[in-house]
Structure formats: structure tokens, C-alpha cells
Amino acid sequence: MSVFNQSRSRIIRIIFLIAFVVIIAQLFYLQVIEGKYRQLAMDNAVFAKVVYPERGIIFDRKGKAILNNTIIYDLMVTPAEVKGIDTLEFCRLIGIDTAEFKKRILEARFKNTAVRPSVFKGLLTKELQARFEENSWKYPGFNLVERPLRTYPFNAAAHILGYIREADTKDIEKSGDFYRQGDYIGKTGLEAYYEKVLMGQRGVQYMIKDNKNRLVGHYENGAFDTASVAGRGLRTYIDVELQQLAERLMSNKVGGLVAIDPKTGGILAMVSGPNFNPNDLTGSEGSKNYSRMVLDVTGPMLNRAIGGRYEPGSTFKPLGALVALNEGVITPSYGYPCGGRYTLCGHGKPACTHAGGGHAANVRLSIANSCNAYYAHIYRLTVDNPKYGNVKSGYLKWREYMNTFGLGVRLGLDLPNENPGFIADTSVYNKENANYWTSCTNLTLGIGQDKMLTTPLQMANAMCIVANRGYYYTPHFVEKIDGETEEDTVLMNKFRVKHDVLTHIPDTAFTAVIEGMNDVVKFGTARVAQIPNIDVCAKTGTAENYTILDGKRIKLPNNSMFVCFAPKYNPKIAIAVFVQNAGFGATWAGPISRIMIEKYLNDTLMTKSKADLERIANTNLMPAYFKRLQYKEDSIRAYNWYRDYKDSSLIKRFLKLSASVNEQKSAPPARKMPERSKKETMAAIMPKEKIYHKQANPAAA
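Since the structure is predicted, the reported quantities are computational estimates derived from the model, not experimental observations.

1. Quick word on the pairing of strand β17 (residues 552–566)
When strand β16 (residues 537–549) meets β17, the two strands line up antiparallel, connected through 12 bridges. Across the sheet, the residue bridging to Asn545 is Leu556, located in β17. Pairing analysis gives 7 bridges linking β17 to strand β18 (residues 573–579), with the strands arranged antiparallel. In the strand pairing of β18, Cys564 is matched with Ile575. Hairpin remark: β17 followed by β18, antiparallel, with 6 residues in the connecting loop; positive phi at Asn570, about 55°.

Structure representation (C-alpha cells):
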């Protein structure tokens, strides 16, 4: 072979070697380093199916599951995989139009990118689930995912348990992207407060897809799967039978009820009226029902037991007595010569329901007879106490007592959105009175009026302090968490601390107040709360209130209030009941409390109580003005919709109703409506009016 040929052969070998090295290097890069094409192949053949865990179960004090799980399905979509489908046929199958289809696909792309699964239609009915499963092979990019759905076997405790919904953008951002589109999160109630305990941990199953997009088995026999971990259960103090009873008693009423075990702070029952069935917020109709309730002016979604603010009226008097006794401005034997009115501030107010002598001869009698003049006076003695130098310093000390009783502050129970109520600071009175005021300025604080606003929870907790003679535990629902961890213990510790806030008050003071509250039941305004063989201690309260509607100040029926605990010695239950626009404290709130105590302590009801239960449960005390408020709110929304979208479909019914009213007023009936009337018709739905609702002037009870 010539030298020339040898050189050419060597060059060819080198070229082949270089080409081979380049190919090997490229294959190594594609398959090992970048892995892009491998991932694309995996995406076409393998589907990562998210396995959502069962949320933890919530049990009552006797171990009954008051919140459980069942299985339902979400229809998920991965937009990048939706190719070549018959959109019109798919829309008919799902029950939507093509415009809605495009909107949901775009939302999925925007919220969760095109390559990650998003919920296309959540919580499918069984019929829709079956229809889709039969036709799923036609629709690549769509698949069903199991979803544990909450069920409520007792149809009770909606405001306590709360509800879950799909995590929105804010939830995801707040969690640092821990939550994803399609995850559900507790929004209110125990579901929200104990979210980390209840949520569990999601898992993943890698499934093989065939050429028709059907899932046919586990990839690599499940070697890469991760199991979901179920959430842990909560063991609560709730007595579900007592809770159901309380909800019956508060049906068709506005207000709040709270029952607490004074020895533990465990909440036995809590009701807000109007109430709703927690099952209404689950399943395929959940979103529709939620939207309806949010727009309801009666506020079924508001937990008035922790968020409603009420003047406590005469139910406050036992607390005022304890403060005055501890400050030393009175003794248990202190009396006041009340002639039916308080005259020492010059205006003869407040008035009393008693005018005869001796009804306020000591603390015990003053509570039993609910003497307004007595409690206005001892409030003045407290804030005018010479040792504080001036009324403002004395008032600040009195306010400190109120906060110690849990009024004007959040107690910190295990529910979100607790309202602190309101006990005014001196700055409020300074501003309103040009920086000069006396104890006569706000003397009705002594009878639970003026600027004092409390929640039913706060008053129930205050009764625990009285019943316990000075201490309480922070009110809470959960006694323990299943499989409690160190982190759980940190969460629960604040509910296990005994707060000795007023144990320094002399026992003689507590005895005088407690005996007075017992006398209220024996021969005072709370005789309706008498139960054979059980010593009940109670205090009634009644509050006048008004609303401004259509520019007029309207007197509403009184609020009915009742606070109590039982038995007198070794108390096991403390209750506060507030019923709006229901009359005197002993008329409705009193019997409600008695029935609750009787059921809890005796586990049965007397014949009289059974009859009262039926009477109260079947009485509708919903304020009449809500109908007018609902009309105004609905018409304003209709007007705003018409203004923004030029769609008159919602506004027509309000125009017709208003026109019919104007036609009835006009004469003759056949005459054409003048332009002025037409303007008045539109004015009836203009969103210009503000609705105010103010409570004022509670009367003694």
C-alpha cells in the first residue's frame, strides 16, 4: 500500500472515531444530563396521579364522629395534553357551553401552567362521574381524581366545624407554594384552626397510559409511588346531642348561645342563629349554596356566638358587684335606698323595676331584684375611688377589671375571627366630652349599657370565672389530638393553663354574688330556670334596640339575654344565651338555658321542658325588617349589575315591583305613569342608602 493510501485510511478512521464520540456524547447529554426527551416520553406514557389524603375526623366528647369523610371525584385537566378532542361533545357530556370550556382551560393555564393538572370541574355527581368514565378515552388531558368529601352525620355544628374549599391564589402564596391548585384547605372553624393536623399529606401514583389515554397499571409496579398520609383526628368537648338540642332551640332566631364546662374551659355547645346545615356546603351544590348564604342579609355564615356584639344589660351586674367588693368601696351588707330611680346625677336615670324600700338592702338582694340604681351607684363609687386620684384613673382601673373578666379582649379560643367586643378607652370619652367628664357621664356602664359591647362567648366565660370563684381556662373545643406530637403540644398548651385572674377576690364577695344569682332563680326574675334538685345560679337581661330603615328610626322588640351556671357548688356547665328582638330575658333565653342545663346534667327532660322545647323550637322570632333589607340589597346588586354590564335581566323584577306600587298610588289606574314616578322607581334601587342597626337603652330585668 502506498504512503498516500495509508494516510487517507488513517484520516477516515479518525473521522469515524470523532463521529462516534460525538454521537455517544450527544446521547449521554440527552438521556442523562438534560433528560428532556426522556421526560417527554414519560409524559406521554406515564401519568402522575395525585392521591389526596383523607382529612382527620372530628369526634365529640363521647367518641361520636360529628364530621367524617366519603369519596367523590374531581375532573382534572392538563391543558398541554388536551389535543384533538370533540369540544362540543365534551361540553354536552359535562353540561357546559363551549365559551365556559375555553374560559376554564385558560384559567387552568394561567393559575397552574399548561403542564400541571388543575381542577376543571370539582365534586362531580355520581351520574356525571359514570358518564365520564365511559367516555374518558376520547378526551386526553382529562382524568378523574378521588377527593375525600366531608360529611356531617348529625347535620349540626356548622359554625364550629367550618368548611373546606379549594385553595385559591392567596392561600397558595401564603403557604409558600406548599398548597397547589386542586388542594383543599380549611377556611373557617376547626377546619381552619387545626388545618395542619387535619390536612394529612398528599401522595403520588405513577400510572401507565395506553394509546387511548386509559390508565392501565402502575409504572414499575409502584416503585416510585408515595403513599398519602391521612390527617389526624380531633377529640373535642362537644356534646353532639346537646349541640343538636341547642340548634333546635335557636332555630328561626337571631343570636348566639355558648355552653362551657367551667372546670376545663371545654365548650360543650355553641350555636349562632340563623344557622345552616353543614352538608349544604359540600358536594356538587356546595358552591351554589355558599353564594346564596353569603348574600343573605340575616347572616347565616356569621358566627354570632363569637362575632355578635351585644350590650349585656343586667347580665353584667354580678361582675360589677365583684369589682366593687374587691375594691372595698362596698361590703356584702352594703345597701342603697332606691326609690325607683337613680337621682344622684340629677336626671333620675336609670329607672328601676322596683320602687319599694329594701329591695337593694345588700348585694344579695340587689342582684335578686336587679336594682339599676344600686349598680349605677356602685359603678360610680368604683371609678371615683379616692385612691386613684381622679375619675379617669379610676375608670382605667375599672376597665382593667373588665379585661380581666375577658370583656373587650379576645379570649383566644380555637376558632378564627373572634370579636373582642368593646370596652371604651378614656380617649373615647375625652374626645366626646372635650376632655372633661365625670362618673355621671357613663354611669349606665354599671348596668351593662353605654359603650359596653360583649359577645355570648365572653359572657359565658365570665360566668365560668364567677362559678370557679376567680379562675378560668381559655375556652376551647379540642381536648386532645390523636397521636399528639411535640408541635401539637405547643399548640394545645395555652388551653391547659389555669388563669387565676381573680382568685384574690375574697371568698365572702363571691359567696354574696353567687347566693344573689341563686336567689334570682328561687324568687327573682329567673324563676323560669328552676330545676328540681339542681341549684341554678342565673341573671336575666333585657335590652331595647332600634334600627334606621328607609330613613326612619324604628323601635324593635327587646333582646332577650340570660347567663347562668349549675350546680351552685361544683358547677359543671355555664351558659350565655342572647336572642335578638325576642322580648324579656326570662321569656326566651331563660327557658332555653334551663332546657340545656337539664339535658346536660340529667340526660333527660321533664314533661314541662319537652313542651317548652316544642314551643320554642317552633316559634319564629326572625326580625321582620330583614325582608326589607334583603329587598334593598338585592335591588342594589341588580342595579350595579345593570350599570356595569348593561344586562337588565336582574333589575326587571324590581322595576316591576316598584311600578306596581306606584300604579296603585296613582289615579286613574289607566293613566300613563308620569316621568317623575319613573325616576322614583329607579331611585328605589339606587345604592345610595346606608343601613344602620343600633342597640340602645337596655332596661333592667
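2. Digging into the layout of surface pockets
In this approach, a probe sized like a water molecule rolls over the atoms, and the result shows the empty space that is left. Its volume calculated, the largest pocket comes out at about 1000 Å³. Counting only elements with at least two residues in the lining of the largest pocket, the list comes to α4 (98–112), β4 (118–124), β5 (142–151), β6 (164–166) and α11 (286–294). No other element matches β4, which puts 7 residues into the lining of the largest pocket. Among the residues forming the lining of the largest pocket, the class breakdown is 15 nonpolar, 11 polar and 11 charged.

3. Overview of the state of the cysteines
Think of a disulfide as a covalent bridge from one cysteine sulfur atom to another cysteine sulfur atom. Tallied over the entire structure, the rule returns 1 disulfide. With a sulfur-sulfur separation of 1.9 Å, Cys345 is cross-linked through a disulfide to Cys440. Taking the sign of the S-S torsion, -85° for the link of Cys345 and Cys440, the bridge is left-handed. Here the residue Cys345 occupies a position in the loop between α13 (317–327) and α14 (363–368), and Cys440 occupies one in the loop between α17 (426–432) and α18 (456–467), the gap between them amounting to 95 residues. Relative accessible area serves as the criterion here: at 18%, Cys345 is assigned to the buried category. Here Cys371 stays unpaired: no disulfide links it, and the sulfur of Cys338, its closest cysteine neighbor, is 3.7 Å away.

4. Notes on the pattern of salt bridges
Throughout the structure, instances matching the rule amount to 28 salt bridges. A salt bridge links Asp482 to Arg235, with the shortest nitrogen-to-oxygen separation between them at 3.1 Å. Highlighted residues: Asp482 in the loop between β14 (478–481) and α19 (486–492) and Arg235 in strand β10 (residues 234–236), separated in sequence by 247 residues. Relative accessible area serves as the criterion here: at 28%, Arg235 is assigned to the partly exposed category. A salt bridge links Lys599 to Asp603; its shortest N-O distance comes to 3.5 Å. Taking the relative accessible area as the measure of exposure, Lys599 reaches 19% and is therefore buried.

5. Considering helix α22 (residues 607–617)
Residues Ser609, Asp612, Leu613, Ile616 and Ala617 constitute the buried set of α22. Looking straight down α22, one finds its buried side chains confined to an arc of 120°; they lie on one side. Packed against the buried residues of α22 are α10 (240–249) and α21 (589–602).

6. Thoughts on the packing of aromatic side chains
For the structure shown, the criterion picks out 24 aromatic pairs. Here the aromatic rings of Phe90 and Phe120 are separated by 5.7 Å at their centres, their planes lie at 65°, and the arrangement is edge-to-face. With a gap of 30 residues between them, Phe90 in helix α3 (residues 87–94) and Phe120 in strand β4 connect regions that are remote in the sequence. Pairing Phe101 with Phe142 gives two aromatic rings, centres 6.4 Å apart and planes at 40°, and the pair type is tilted.

7. Considering the side chain of Asp171
Inspection of the secondary structure puts Asp171 in helix α7 (residues 169–174). At a separation of 2.5 Å, a polar atom in the side chain of Asp171 contacts the side chain of Lys187. Setting aside chain neighbours within four positions, we find Asp171 in contact with Glu166, Tyr179, Ile185 and Lys187.

Here is what the cut-offs are and how they apply
In this convention, every chain numbers its residues from 1, walking through the sequence in written order. Two thresholds apply to this predicted model, a pLDDT of at least 70 for residue-level local features and 80 or more for giving and counting side-chain atom pairs, whereas whole-chain, interface and lining totals are computed over all residues. In computing side-chain values, all of the structure's heavy atoms are included and hydrogens and water are not. The pairing criterion for strands is at least two bridges between them, as found by DSSP. Each helix is a run of DSSP H or I of at least 4 residues and each strand a run of E of at least 2, with the numbering of both proceeding from the N terminus. The distinction between a cavity and a pocket rests on a 1 Å grid over the protein atoms alone: a 1.4 Å probe fits inside a cavity but cannot get out, while a pocket stays open yet meets protein on both sides within 12 Å along at least five of seven lines, and a residue with an atom within 4 Å of a point counts as lining. Grid points are joined across faces, edges and corners, and a volume is the space filled by probe spheres set on the points. In this count, Pro and Cys sit with the nonpolar residues alongside Ala, Val, Leu, Ile, Met, Phe, Trp and Tyr, while Asp, Glu, Lys and Arg are called charged and the others, Gly among them, polar. Note that a disulfide, as used here, is simply two cysteine sulfur atoms within 2.5 Å. Only protein chains enter the accessibility calculation, which uses a 1.4 Å probe; a residue is then buried when its area is under 20% of its type maximum, exposed when over 50%, and partly exposed in between. By definition, a salt bridge exists where a carboxyl oxygen of Asp or Glu is found within 4 Å of a side-chain nitrogen of Lys or Arg. Throughout, the arc means that of the directions going from the helix axis to the C-beta atoms. We call two residues in contact whenever any of their non-hydrogen atoms come within 4.5 Å of each other. Note on aromatic pairs: the rings of Phe, Tyr and Trp (six-membered ring only in Trp) are paired at centre separations within 6.5 Å, and the planes decide the class, stacked below 30 degrees, edge-to-face beyond 60, tilted for the rest. Polar contacts, as counted here, are pairs of nitrogen or oxygen atoms within 3.5 Å of one another; within protein the pair requires one atom able to donate a hydrogen and one able to accept it, and residues that are adjacent in sequence qualify only if both atoms are side-chain atoms.

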